[in-house]
Amino acid sequence: MPLGAYLTLAALVFAIGLFGVLTRRNAVGILLGIELMLNAVNINLVAFARFSGDLGGILFTLFTIAITVAEVAVGLAIVIVIFRVRRTVEADHLDLLRG
Amino acid sequence: MTYAPMLMVFAFAALVAGALLFLPKLAAPRRLTPVKAEPFECGKDPMEISEGRFAIKFSTVAIFFILIDIELLFVWPWAMLYRRLGWFGFAEMLVFLGILMLGFFYIWRKGGLEWE
Amino acid sequence: MSPVVPPPAVALGVLLPVLVVLAAAAVVLVLDVLPPRDSKAHLGGVALAGIIGALLAIVMRWGTDARAFRDMVLLDTYALYFDLVICYAAALIVMFSMDYLGRTGSESGEYYSLLLFSTAGMMLMASAGDLIVVFLALELMSLSLYVLAGFFKQRLTSGEASMKYFLLGAFASSFLLYGIALIYGATGSTNLDRIAAAAATRNAEPMVLIGLAMMLVGFGFKISSVPFHMWAPDVYEGAPTSVTAFIATGSKAAAFAAMIRVLVVALRGAQPDWSALLWALAALTMTVGNVVALAQSNLKRLLAYSSIAHVGYMLMGLVAGGGPGPGAVLFYLLAYTFTTVGAFGAIALCARAGEEAVEVSDYAGLARRHPVLAATLALFFLSLIGIPPLAGFVAKFYLFGAAVRAGYIWLTVIAVLNSAVAAYYYLRVIVYMYMREPDGEPVAVAPSLAGGLALTLAVAGIVILGLMPAPFADLAQVAVAPLLR
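I will try to describe carefully the structure that is included in this document. (Residues numbered from 1 in each chain as written. Chains lettered and ligands numbered in written order. Predicted model: local features only at pLDDT ≥ 70, side-chain atom pairs only at ≥ 80, totals over all residues.)

## As for the overall build of chain C
The helix and strand inventory of chain C stands at 19 helices and five strands. A globule of 485 residues ought to have a C-alpha radius of gyration of about 23 Å, and chain C, at 22 Å, matches this closely. Its C-alpha atoms give chain C principal-axis dimensions of roughly 75 × 60 × 40 Å. Here chain C holds 485 residues, and the buried ones make up 64% of them. Looking at chain C alone, contacts between residues at least 24 apart form 81% of all its contacts between residues at least 6 apart. (Helix = DSSP H or I, 4+ residues; strand = E, 2+ residues; numbered from the N terminus. Rg over C-alpha atoms; globule rule 2.2 N^0.38 Å. Buried ≥ 20, exposed ≤ 12 C-beta atoms within 10 Å, placed from the backbone. Contact = placed C-beta atoms within 7 Å.)

## Quick notes on the overall build of chain B
Helix and strand content of chain B: five helices and zero strands. When the helices and strands of chain B are listed from N to C terminus, the series reads α-α-α-α-α. Each of the 116 residues in chain B was classed as buried or not, and the buried ones make up 1%.

## Details of the interface of chain C and chain A
At the junction of the two partners, chain C supplies 34 residues and chain A supplies 32 residues. Breaking the side of chain C that touches chain A down by element, the ones donating at least two residues are α5 (131-149), α6 (156-187) and α9 (231-238) of chain C. Ranked by residue count, the leading element in the side of chain C that touches chain A is α6 of chain C, at 17 residues. For the side of chain C that touches chain A, the residue count by class is 18 nonpolar, eleven polar and five charged. (Nonpolar A, V, L, I, M, F, W, Y, C, P; charged D, E, K, R; others polar.)

## Let's talk about unusual backbone geometry
All names here are of chain C. The peptide bond linking Val226 to Pro227 adopts the cis configuration, its omega dihedral lying at 5 degrees. Residue Pro389 is reached from Pro388 by a cis peptide bond, and omega for that bond is 5 degrees. Within the secondary structure, Pro389 is located in the loop between α15 (371-385) and α16 (391-405). For Arg70, which is not a glycine, the phi torsion comes out positive at approximately 50 degrees. Mapped onto the secondary structure, Arg70 falls in the loop between β1 (66-68) and β2 (73-75). For Arg70, a count of 12 C-beta atoms within 10 Å translates into the label exposed. Although it is not a glycine, Asp71 sits at a positive phi angle of roughly 65 degrees. Following the sequence through the fold, Asp71 ends up in the loop between β1 and β2.

## Digging into the packing of helix α12 (residues 299-320) of chain C against α16 of chain C
Angle between the axes and distance between the axes: these two values describe a pair of packed helices. All names here are of chain C. Axis separation between α12 and α16 bottoms out at 8 Å; the angle between their running directions is 35 degrees. You can see that α12 and α16 cross each other, and the crossing is left-handed. Together, Tyr313, Met316, Gly317 and Ala320 of α12 and Lys396, Leu399, Ala402 and Ala403 of α16 make up the contact between the two elements. Tallied by class, residues from the contact of α12 with α16 come to six nonpolar, one polar and one charged. (Axes fitted to C-alpha atoms, helices over the stretch in contact; angles between N-to-C directions. Left-handed = near helix turned anticlockwise from the far one by under 90°.)

## Things to note about the packing of helix α3 (residues 77-103) of chain C against helix α10 (residues 241-266) of chain C
All names here are of chain C. Contact pair α3 / α10: the axes reach a minimum separation of 9 Å and the direction vectors enclose 175 degrees. Compared by their axis directions, α3 and α10 come out roughly antiparallel. Of the residues in α10, those in contact with Phe82, Val85, Ile86, Ala89, Ala90, Ile93, Phe96, Ser97 and Tyr100 of α3 are Thr241, Ser242, Ala245, Phe246, Thr249, Gly250, Ala253, Ala254 and Ala257. The class makeup of the residues in the contact of α3 with α10 is 13 nonpolar, five polar and no charged. (Parallel < 35°, antiparallel > 145°, perpendicular 65-115°, else oblique.)

## What to know about the sheet that holds strand β3 (residues 350-352) of chain C
Residues and elements named next belong to chain C. Read across the sheet, three strands follow the order β4-β3-β5 without closing on themselves; strand pairing throughout is antiparallel. Sheet topology places β4 (355-356) and β5 (444-445) at the edges, where each strand pairs with a single neighbour. Where β3 lies against β5, two bridges are found, and the strand directions are antiparallel. Looking at β5, one finds that Cys350 is bridged to Val445. (Pairing = 2+ DSSP bridges.)

## Thoughts on the interface of chain C and chain B
Chain C puts eleven residues into the contact, and the matching count from chain B is ten residues. When residues of the side of chain C that touches chain B are traced back to their parent elements, those giving at least two are α1 (16-33) and α8 (206-222) of chain C. For the side of chain C that touches chain B, the element with the most residues is α1 of chain C, which contributes three residues. Looking at the side of chain C that touches chain B, its residues break down into ten nonpolar, one polar and no charged.

## Observations regarding the environment of Asp130 of chain C
All names here are of chain C. Examined against the element boundaries, Asp130 turns out to sit in the loop between α4 (109-127) and α5. Linking Asp130 and Ala266, residues 136 residues apart in sequence, is a C-alpha distance of 9.5 Å. Contact partners of Asp130, with chain neighbours within four places excluded, come to Asp71, Met72, Thr190, Asn191 and Leu192.

## Concerning helix α11 (residues 271-293) of chain C
Compared with an ideal rise of 1.5 Å per residue, which puts 23 residues at 33 Å, α11 of chain C spans 32 Å between its outermost C-alpha atoms and is within 8% of the ideal. Restricting attention to buried positions, one finds in α11 of chain C the residues Trp274, Leu278, Leu281, Ala282, Ala283, Thr285, Met286, Gly289, Asn290, Val292 and Ala293 of chain C. (Expected span 1.5 Å × (residues − 1).)

## What to know about the environment of Glu160 of chain C
Assignment of secondary structure puts Glu160 of chain C in helix α6. Along the primary structure Glu160 of chain C and Gly150 of chain C are separated by ten residues, whereas in three dimensions their C-alpha atoms are 7.4 Å apart.

## Some thoughts on the nonpolar core
Residues Val21, Val94, Leu115, Met125, Met316, Tyr332 and Ala335 of chain C are the most contacted members of the largest nonpolar core, which totals 243 residues. Ranked by residue count, the leading element in this core is α3 of chain C, at 21 residues. (Core = buried A, V, L, I, M, F, W, Y, C linked by C-beta atoms within 7 Å.)

Put into structure tokens, the structure is as follows:
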């Protein structure tokens, strides 16, 4: 398969994630969208590394996966803290700060 | 031009997403009745979700699990090359796991692993 | 059996300042769970000692130009300059936090260790010689700050600020990462020097430009430039004031450090493209920041919009380019950090009716009851306006001068008009402090030894920078020299 196919797949996954982030109203749903966007980048990195024969991209992917998980952990922890106090995770209901 | 399809996907996605976001606002009639505002549309008002809520401690433990679990990502390539890396690789992994254990020690002493 | 891989050279000296901060963070974490568990007052001292240790390490390494880990980490004068700015901000914020946390009943070990972790991430961003390190350091900094923003667990606004900061921050870093991946694909490397070399041998690739645009989204978010600034006022308002000070100064300095290095070193071939983009961003950022700030009644939100406006000025220096442009940005960052940390620190000391005093009207009559604090706060605001002989004036002078010499007359005109508009909302606060009477209970100032010391240091900073700027301006020029080779 040509490189373009992988890049197109990654762009599609990124666009789906972006759509999810923009349309979801639930914090966990938004988080899922962001995860899709980050994983689209991983597809890109691995495809580039495979086609150029340079291992740097694969190395980078290992780091992004680890960072992504750390991000999910922090995100869920924040969601739990807010849920304990407010009993809602709908992004629309978080409106104490004008913005 | 390997990248042309990628650009087209972005343009297409922007178009579709924009259309989906804004067309309903223009076209759809908005008549909110009390029935429509209910969370479930048939039967009685739900008292609670049938399985009940999961206790929040499940998610805390799940977060700890996934954080420690993902470190295997770095251990696995190291294990594949363990013999070739020699003593240096061994020492490096000890340092890595040592730092990880510091975090584990912190979770443990903070009471993060207590079930009750 | 296959041959043993020779061990790579490990030059930990290049990471020394970062390692000192990380070690202090680990020590704070461990001390937090060891007895005495009920008293946390000593942890602030440990954190402060760690930062002072890092400052000593920076001074020790000054003048050496070292790189290690296959050019992933650079410790040149540029990195050391930013380390100095970041450690200075971190030290003052730890001092402000000591009493602030005690008063708000949230003294704890993880606050200081998270503060140190994010400091280490910021310092690493300034030292990054590789896009992998840029991303890792940015996430280390951001993840710690997301948690710190929500540190007042019982306060709803704090949790909300944390959630907004997290969601928008993660969103922006996915753009940054996508940009990095595209640039890696177009040039075959993540190393900044090798990207520049690869880009020079090819014609302008569209992929590099898309990558550049996406990276600018990510960086634009971190420095809160318009149109990626929407999170800033909410997060600044909701986060604990000491954390707000760090988000406004440290994270901004670090994001500028990485952004300037990536643009000037790796993407120097695309300079006309990013320069044009940044021109528009700079004009938009300073105008929106200042105009919206006019309508703010909350002091923390006012300072948030003011900090957005200052980012607009600093982007001007990047547009001007060459040596003087980035040099002026570095000097401006130093002056801005001194002033903004001081202003937020002074706000953290004030309370009214048991709440934090954050409304502008809370400060009515401050001058009569607490003349010293009012004068200090007024001094910070005058420096933010750019009144001589304070640091803000000299910084603006260098920055506007660099832009004019590079031929960006119109941008400078916009900036000067903006500075005039900005004077209004800063002076309004001073008028409240000196000429209005309080409505109901007057504002109270918590006595704090560490806080007072930190305020003194901040005031000394802006006065010294204003009265004899030459050595510091030279320092900033020396600092950008490694980028221009």
